[in-house]
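Now for the letters of each chain:
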Amino acid sequence: GTRAMSSLKLPDLSWDYGELEPVISSEIMTLHYTKHHQAYVTNGNIALEKLEEAKNKNDNAAILALQPALKFNVGGHINHSIFWKNLASPTKGGGELGDGELRKKIESQWGNVDALQTQLSAATVGVQGSGWGWLGYDKATDRLVVTTTPNQDPLQPSTGLIPLLGIDVWEHAYYLQYKNVRPDYVKEIWKVINWADVENNLKNAK
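Residues numbered from 1 in each chain as written. Predicted model: local features only at pLDDT ≥ 70, side-chain atom pairs only at ≥ 80, totals over all residues. Heavy atoms only, no water.

Peer 1: Is there a simple way to explain the packing of aromatic side chains in this structure?
Peer 2: One pair of aromatic rings is described through two measures. These are the centre distance and the angle between the planes. On inspection of all chains with the given rule, the structure shows 11 aromatic pairs. Arranged with centres 5.4 Å apart and planes meeting at 90 degrees, the rings of F83 and W132 form a pair that is edge-to-face. On the criterion of sequence distance, the pair formed by F83 in helix α4 (residues 67–85) and W132 in strand β1 (residues 131–138) is long-range, its members being 49 residues apart. Across the pair, exposure class does not vary: F83 and W132 are buried alike. When the ring of Y174 is compared with that of Y185, the centres are 4.9 Å apart and the planes differ by 25 degrees; the resulting orientation is stacked. You can see Y174 sitting in the loop between β3 (162–168) and α8 (175–178) and its partner Y185 sitting in helix α9 (residues 182–189), a full 11 residues away along the chain. Residue Y174 is classed as buried on the basis of its relative accessible area of 3%. Residue Y185 is classed as buried on the basis of its relative accessible area of 0%. (Phe/Tyr/Trp six-rings, centres within 6.5 Å; stacked < 30°, edge-to-face > 60°. Helix = DSSP H or I, 4+ residues; strand = E, 2+ residues; numbered from the N terminus. Buried < 20%, exposed > 50% of the residue type's maximum accessible area, 1.4 Å probe, protein only.)

Peer 1: Even after reading the chapter, I still don't get the packing of helix α5 (residues 101–110) against helix α10 (residues 195–205), so can you show me in this structure?
Peer 2: Packed helix pairs are specified by the crossing angle of their axes together with the interaxial distance, meaning the distance between the axes. For the pair α5 and α10, the least separation of the axes is 9 Å and the interaxial angle reads 85 degrees. In terms of orientation, α5 lies roughly perpendicular with respect to α10. From α5, E101, L102, K105 and I106 reach across to α10, where they touch W195, V198, E199 and L202. Per-class residue counts for the contact of α5 with α10 are five nonpolar, no polar and three charged. (Axes fitted to C-alpha atoms, helices over the stretch in contact; angles between N-to-C directions. Parallel < 35°, antiparallel > 145°, perpendicular 65-115°, else oblique. Contact = heavy atoms within 4.5 Å. Nonpolar A, V, L, I, M, F, W, Y, C, P; charged D, E, K, R; others polar.)

Peer 1: I keep staring at the environment of L48 and nothing clicks. Help me out?
Peer 2: Within the element layout of this structure, L48 appears in helix α2 (residues 26–56). Look at L48 and you get buried, because its relative accessible area is 16%. Distance in space between the C-alpha atoms of L48 and P11 is 18 Å, their sequence separation being 37 residues.

Peer 1: Could you clarify how one ought to interpret unusual backbone geometry in this entry?
Peer 2: The phi angle of most residues is negative, glycine excepted, and most peptide bonds adopt the trans form. Going from E21 to P22, the amide bond is cis rather than trans, its omega being 0 degrees. For P22, the location among the structural elements is in the loop between α1 (3–6) and α2. Look at D142: it is not a glycine, yet its phi comes out positive at around 55 degrees. Its place among the elements puts D142 in the loop between β1 and β2 (143–150). When its relative accessible area of 32% is taken as the criterion, D142 is described as partly exposed.

Peer 1: Would you take a moment to explain the sheet that holds β3 for this structure?
Peer 2: Strands belonging to one sheet form pairs held by backbone hydrogen bonds; the direction of such a pair is parallel or antiparallel. Taken together, the three strands give an open sheet; going across it, the order is β2-β1-β3, and neighbouring strands pair in antiparallel fashion. Among the strands making up the open sheet, the edge pair consists of β2 and β3. Averaged over all pairs of adjacent strands, the angle between strand axes in this sheet comes to 25 degrees, irrespective of strand direction. One ladder, built from six bridges, connects β1 with β3; its direction is antiparallel. Paired with W134 across the strands is G166, a residue of β3. Sitting on the sheet, helix α6 (residues 113–125) is in contact with β1, β2 and β3, with an inclination near 20 degrees to β2. (Pairing = 2+ DSSP bridges.)

Peer 1: Sorry, what's going on with α2 here?
Peer 2: Think of an α-helix as turning once every 3.6 residues; residues three or four places apart then point the same way. Look at α2: 44 Å from first C-alpha to last across 31 residues, which is about the 45 Å you get at 1.5 Å a residue. Remark: the principal bend of α2, roughly 35 degrees, maps to H32. (Expected span 1.5 Å × (residues − 1). Bend = angle between axes of the 7 residues up to and from the residue.)

Peer 1: Teacher, can you tell me more about the nonpolar core here?
Peer 2: In summary, soluble globular proteins display a tendency toward joint burial of nonpolar side chains. Membership of the largest hydrophobic core comes to 47 residues, with the highest contact counts inside it found for L87, I106, L135, L144, Y185, I189 and W195. Ignoring anything within four residues of it in the chain, the contact list for L87 reads W15, L20, M29, I189, V192, I193 and N194. Core analysis: the second largest hydrophobic core is formed by 10 residues, L48, L51, A54 and L70 among them. (Core = buried A, V, L, I, M, F, W, Y, C linked by side-chain atoms within 4.5 Å.)

Below is the structure:
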């Protein structure tokens, strides 16, 4: 069938697994990319293949039954593909927000970058169970929005907001290093946020 057309694959990374240390360990990044993201890709492709079959048979019940698996696995793939690009070693600009439209927007809405980081950190730490903290862009109002999504729900299909920055607070993203202390992980991750990528996402969103 059309499997080759719709199949998901792991994106290329712009950093090595150890490059985000000491903020995120090489071991976590290796497992996160090669095991967790790979599982979303593998299971997402299985679900997409089943969807094709169900569509070919006009089996509406089967199409509906596949929605949770699609949302979870394709969502996980979408979210992680954003997240990897959102990260950079401090030696490659991680943690530094340059002057530009993104900074202007943040300052006009929050007063300063610290205030945004505080709000986004609090929202992200407050996610119950597994999920994501987001800085999104609302095209209709031309405003930045702090929000969260549960599980692997992808931001844009779920809310209409365009994702600029995602922070993964599934335990697999931090537990080996930070144990159950999610706030420490969220506080540290700002040191490796690739603001140039976030800025670029804003440009593309407009």
